[in-house]
Amino acid sequence: LPPVDDYSGGLPTPVPAPRPSNPAPQKQAQDFNFGKSLGEGSYSTVIAATDRQSLKEYAIKVLDKHHITKEKKVKYVHIEKETLVRLGDHPGIIQLYYTFQDAQSLYFVLEIAPNGELLSLIKRLGSLDLACTCYYGAELLDAIEYMHSKGIIHRDIKPENILLNKDMHILVTDFGTAKIIDYPEGLDYSPESQDCRAKSFVGTAEYVSPELLTQKYAGKMADIWAYGCVLYQMVAGRPPFKAANEYQTFQKIVKLRFSYPPGFPIGLRDLIKQILVLDPAKRLPISKIKQHQFLSSISWDRDALWNSTPPKLA
Ligand SMILES: NC(=O)c1nn(CC2CCNCC2)c2c1CCc1cnc(N=C3C=CCC=C3)nc1-2
């Protein structure tokens with residue numbers, strides 16, 4: 001497998017990772033105490049780890065080289081690393097500090113989110129109140145807007161992939177299936193062609209956009225569709241489109257068959273109604289979502305938003 005660190009495997013020169021003035025010495029697995037597993041993927045495991053020297057805590061994603069090669073996932077690994085490097089300076093996106101490798105594995109040393117998933121929070125509380133829904137809806141929208149400004153489509157936005165840091169701000173994670181939409185011509189990183197037509201990857205059933213199901217098209221507005229589903233779920237406690245199986249869930253999506261539970265706030269209904277629109281061209285763009293009444297209390301200055309204190313959980 002071409003070394004992920006230095007791309008000496010003949011891949012084009014990547015976006016250089018931000019280099020500190022005094023670059024950290026090359027780390028290795030022995031420099032960490034590994035703790036509990038935080039998650040398992042088809043060819044990776046994410047493990048909580050502590051740097052033995054600095055005692056700093058990280059989430060280390062360990063990727064199995066043999067499996068990656070055998071399953072022809074090299075492109076996805078490069079996409080994930082380049083995505084994390086590009087998105088490296090947003091407070092709402094998991095940071096990649098550095099990578100290293102040994103004979104068996106690649107290691108991505110990532111920011112840890114000690115407070116787990118937004119999904120667990122929603123399930124534990126049943127639903128979030130309007131103040132929390134507004135705040136986390138704003139943080140998530142700001143993170144998605146930043147991704148899109150850097151040419152990245154996440155493609156699997158869902159409450160499981162929205163984590164919470166020690167101060168209860170969100171951290172978007174799992175860019176293993178992201179799409180980079182501005183690769184120079186001829187650099188065939190993306191598993192799909194450059195025109196955003198998905199030939200392989202589909203996200204998580206409940207959050208998949210109708211255009212992906214009907215036209216195999218996955219552009220930036222697919223992330224906005226998923227955003228609308230997450231907004232709904234924060235208040236309703238469940239996603240808008242959910243059925244006994246994937247096929248029935250997909251049918252509900254393409255027919256826009258969903259309803260609001262009793263008491264669902266009118267103001268949020270009005271916003272969601274303009275996001276969960278079948279035609280991506282008619283879906284509310286981020287600039288208009290930001291202006292909606294439901295988010296009128298939000299200061300969209302990035303420092304103000306991310307340095308403010310999240311609302312107390314009701
Ligand atoms: N795929 C990843 O890159 C990734 N996966 N996880 C754990 C997953 C568990 C299932 N839902 C999606 C995330 C992480 C990361 C990034 C880095 C990362 C940092 N902190 C945590 N923290 C967690 C704490 C408690 C429960 C789950 C995750 N997790 C991760």
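Keep in mind that what you see is a predicted model, and the values were worked out from it rather than measured. (Residues numbered from 1 in each chain as written. Predicted model: local features only at pLDDT ≥ 70, side-chain atom pairs only at ≥ 80, totals over all residues. Heavy atoms only, no water.)

**Observations regarding the overall build of the protein chain**
Turning to step 1, where the next piece is worked out: When helices and strands are counted, the protein chain shows ten helices and nine strands.
Turning to step 2, where the next piece is worked out: Classification of the 314 residues of the protein chain by burial places 49% in the buried group.
Turning to step 3, where the next piece is worked out: Restricting the contact set of the protein chain to residue pairs at least 6 apart, pairs at least 24 apart contribute 65%. (Helix = DSSP H or I, 4+ residues; strand = E, 2+ residues; numbered from the N terminus. Buried < 20%, exposed > 50% of the residue type's maximum accessible area, 1.4 Å probe, protein only. Contact = heavy atoms within 4.5 Å.)

**Digging into the state of the cysteines**
Turning to step 1, where the next piece is worked out: Within this structure, the stated rule accounts for zero disulfides.
Turning to step 2, where the next piece is worked out: This cysteine, Cys-132, is not joined by any disulfide, and Cys-134 carries the nearest cysteine sulfur, 9.8 Å off.
Turning to step 3, where the next piece is worked out: On the basis of relative accessible area, Cys-132 is assigned to the buried category, the value being 1%.
Turning to step 4, where the next piece is worked out: For Cys-134, a relative accessible area of 7% translates into the label buried. (Disulfide = S-S within 2.5 Å.)

**What about the site of the ligand?**
Turning to step 1, where the next piece is worked out: Lining the immediate surroundings of the ligand are 17 residues, of which Lys-61, Ala-113, Glu-117, Glu-160 and Thr-173 lie closest.
Turning to step 2, where the next piece is worked out: Contacts to the ligand include Glu-117, whose side-chain N or O atom sits 2.7 Å from a nitrogen atom.
Turning to step 3, where the next piece is worked out: With the chains in place, 83% of the 570 Å² that the ligand exposes on its own is no longer accessible. (Near = heavy atom within 4 Å. Polar contact = N/O pair within 3.5 Å; in protein donor to acceptor, adjacent residues only side chain to side chain. Areas by Shrake-Rupley, 256 points an atom, 1.4 Å probe, with all protein chains shown as cover.)

**Things to note about the confidence of the model for the protein chain**
Turning to step 1, where the next piece is worked out: Predicted confidence across the protein chain gives a mean pLDDT of 90, with 86% of residues reaching 70 or more.
Turning to step 2, where the next piece is worked out: For residues 6–15, every residue scores under 50 in pLDDT, and the model assigns this stretch 15 contacts once sequence neighbours within four places are set aside.
Turning to step 3, where the next piece is worked out: The low-confidence segment residues 184–195, where pLDDT is below 50, has 32 contacts with residues more than four positions distant or belonging to other chains.
Turning to step 4, where the next piece is worked out: If you check the scores for this complex, the pTM reads 0.90 and the ipTM reads 0.99. (pLDDT = per-residue confidence, 0-100.)

**Here's the deal with the packing of helix α4 (residues 130–149) against helix α6 (residues 220–236)**
Turning to step 1, where the next piece is worked out: Packing of α4 against α6 brings their axes to within 10 Å, and their N-to-C directions diverge by 165 degrees. By the angle class used here, α4 and α6 are roughly antiparallel. Pair α4 / α6 crosses with right-handed handedness. Contacts between α4 and α6 involve Leu-130, Thr-133, Tyr-136, Gly-137, Ala-138, Leu-140, Leu-141, Ile-144 and His-148 from the first element and Lys-220, Asp-223, Ile-224, Tyr-227, Val-230, Leu-231, Met-234 and Val-235 from the second.
Turning to step 2, where the next piece is worked out: Of the residues belonging to the contact of α4 with α6, the class tally is twelve nonpolar, three polar and two charged. (Axes fitted to C-alpha atoms, helices over the stretch in contact; angles between N-to-C directions. Parallel < 35°, antiparallel > 145°, perpendicular 65-115°, else oblique. Left-handed = near helix turned anticlockwise from the far one by under 90°. Nonpolar A, V, L, I, M, F, W, Y, C, P; charged D, E, K, R; others polar.)

**Some words on the sheet that holds strand β2 (residues 44–51)**
Turning to step 1, where the next piece is worked out: Ordered in space as β1-β2-β3-β5-β4, the five strands form an open sheet in which the pairing is antiparallel. Lying at the two open borders of the sheet, with one neighbouring strand each, are β1 (32–40) and β4 (96–101). Averaged over all pairs of adjacent strands, the angle between strand axes in this sheet comes to 25 degrees, irrespective of strand direction.
Turning to step 2, where the next piece is worked out: Of the strand pairs in this sheet, β2 and strand β3 (residues 57–64) are connected by seven bridges, and their pairing is antiparallel. Within β3, the residue paired with Ser-44 across the bridge is Leu-63. (Pairing = 2+ DSSP bridges.)

**Some details on the pairing of β3**
Turning to step 1, where the next piece is worked out: Counting buried residues in β3 gives six out of eight residues, a clear majority hidden from the surface.
Turning to step 2, where the next piece is worked out: In textbook terms, the turn of a hairpin is the stretch between consecutive antiparallel strands, and for β2 and β3 this stretch comprises five residues, one of which, Leu-55, has a positive phi near 65 degrees.
Turning to step 3, where the next piece is worked out: With six bridges joining them, β3 and strand β5 (residues 105–110) adopt antiparallel strand pairing. In the strand pairing of β5, Ile-60 is matched with Val-109.

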